[in-house]
Amino acid sequence: MPLPPLGPDVVEEFTRTIYGRTPDGGKLSELVLQSREDGVLDGAADRLRHRATVACPLGDLSFDTLLHLPSGGDAAPVAVILNFDGNDQTLTGFPYEKIVQAGYAVLTAHYQQLEPDDPNPPAPGVRGLFPAESWGAVAAWAWGLSRLLDIAATLDGLDGLDVGRAVVIGHSRLGKAALWAGVRDERFALTVSNDSGCCGASLFRHPGGEDIEAITRRFPHWFVPSFAQYAGKEDELPVDQHQLLASIAPRRVYVCSAEDDAWADPEGERLAVEAARPAFGPDGIGYHLRPGGHALLEEDWMKALAF
Ligand code: GCU
C-alpha cells in the first residue's frame with residue numbers, strides 16, 4: 001500500500017482520528033519529598049521519592065514518583081518513563097546502575113496511577129478530571145509523561161537535573177504514549193519508542209502483527225471511539241506512523257525493535273523510520289533491531305541513550 005506523504009500539519013489528523021484531544025490545564029500544584037537515600041547503587045546514585053499532586057479542572061490527581069540521579073558531578077539529563085508494575089518493581093526491572101553510569105537521571109511513575117488501563121475503569125483517572133474531552137488512555141499517559149517533565153523542571157538545578165536535554169521513553173503501549181508525548185511536548189529533546197508496534201512506531205500499511213481491528217477490539221479505551229471505524233480499512237486512514245515520527249523532527253527520535261516481537265511488527269517499524277528519515281537531519285532518527293522478544297532490555301536503554 002502506498003504511504004501518505006510527509007507533510008506539515010499531520011498532528012491535528014492524529015489527534016482527530018487516533019489519540020484524541022488533550023485538554024489544556026492540569027498543573028503541578030504540590031510536590032512533597034517523601035524520602036531520599038543518598039549514594040544508593042554503589043554510591044553512584046541518589047534515590048528520591050516524591051508525591052506529586054496535579055490540579056485539574058474537576059479535581060486533583062496525586063501520584064508517586066521515583067527519581068534516580070547520578071550523585072555529584074554535572075547536572076544530568078533526565079529520562080522520564082511510565083512503568084507497568086509500580087515504582088518499586090523498577091528497582092529490579094530497570095538497569096538503573098548502567099543508566100546512571102551513562103550520566104542520566106530517571107524519573108518514573110506507575111502508569112495506572114494516572115489513568116486506569118481498563119475499558120470500564122472502577123474509578124476515573126485523569127480523563128475523569130477534565131470536562132467532556134474525547135481523548136484515549138494513550139493520550140492520558142502521554143499527558144502524564146509531560147507532568148513528569150514538569151516535576152523534573154521543578155527539581156532542575158536543585159537536584160542536579162538538566163531538563164534542557166530531556167528524554168521520553170516507553171515500552172509497548174507506553175511506547176505509543178511516549179511517541180505521542182514526544183510529538184506534543186517540544187521540551188523533549190529525544191523520544192524513544194521501544195517495541196511500540198501498532199499505533200506506535202509501526203506502519204498501519206505494512207501488513208503483519210497487530211492491526212486496527214485487533215487493537216480497537218481489545219483496547220477500545222486507548223483511542224478515540226471513532227478510530228474503530230478504520231478496522232480492516234488501514235488504507236483509508238488519513239495518516240500513517242512514519243508521519244507521526246516525522247512530526248517530532250527536528251527533535252530526535254530513536255526506535256527500538258526486537259526480532260521475535262512479531263506482534264509489534266519490527267519490519268513495519270523499520271520501514272516507518274526509513275520513510276520518516278527525510279524529515280530529520282543526518283543523525284536525527286535512529287533505529288535498532290536486536291535479537292529476542294518483547295521487552296525493554298538494558299541493551300535497548302543503552303543504545304537509545306548513547307544515541
Ligand atoms: C498488547 C497490545 C499491544 C501493546 C502490548 C503491550 O500486546 O496488543 O498493542 O503494545 O499489549 O503494551 O505490552
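Residues numbered from 1 in each chain as written. Predicted model: local features only at pLDDT ≥ 70, side-chain atom pairs only at ≥ 80, totals over all residues. Heavy atoms only, no water.

Q: Explain the site of the ligand to me, please; I cannot follow it from the model alone.
A: S172, R173, K176, E210, I215, R218, F219, W222, W263 and H294 make up every residue found near the ligand. Within the side chain of R173, an N or O atom sits 2.5 Å from an oxygen atom of the ligand. One of the side-chain nitrogen or oxygen atoms of E210 is found 2.5 Å away from an oxygen atom of the ligand. For the shell around the ligand, the secondary-structure elements that each account for two or more residues are α6 (173–184) and α7 (212–218). Residues belonging to the shell around the ligand are distributed by class as follows: 4 nonpolar, 2 polar and 4 charged. (Near = heavy atom within 4 Å. Polar contact = N/O pair within 3.5 Å; in protein donor to acceptor, adjacent residues only side chain to side chain. Helix = DSSP H or I, 4+ residues; strand = E, 2+ residues; numbered from the N terminus. Nonpolar A, V, L, I, M, F, W, Y, C, P; charged D, E, K, R; others polar.)

Q: Can you help me understand the pairing of strand β2 (residues 45–56) in this one?
A: It is a general feature of regular strands that their side chains alternate between the two faces of the sheet. For β2, the buried fraction is high: 9 of the 12 residues fall into the buried class. Looking at chain direction, strand β1 (residues 27–40) and β2 are connected through 10 bridges and run antiparallel. Bridged to S35 within β2 is R49. A loop of 4 residues connects β1 with β2, the two strands running antiparallel in sequence, and L41 in this loop sits at a positive phi of about 55°. (Buried < 20%, exposed > 50% of the residue type's maximum accessible area, 1.4 Å probe, protein only. Pairing = 2+ DSSP bridges.)

Q: Help me out: how do you make sense of the packing of helix α5 (residues 137–155) against α6 in this one?
A: If you want to describe how two helices pack, look at the angle between their axes and the distance between the axes. Where α5 meets α6, the axes come as close as 8 Å, and the angle between the chain directions of the two elements is 65°. Crossing handedness for the pair α5 and α6: right-handed. Contacts between α5 and α6 involve V138, A139, W141, A142 and L145 from the former and R173, L174, K176, A177, A178, W180 and A181 from the latter. Of the residues in the contact of α5 with α6, the class split is 10 nonpolar, no polar and 2 charged. (Axes fitted to C-alpha atoms, helices over the stretch in contact; angles between N-to-C directions. Left-handed = near helix turned anticlockwise from the far one by under 90°. Contact = heavy atoms within 4.5 Å.)

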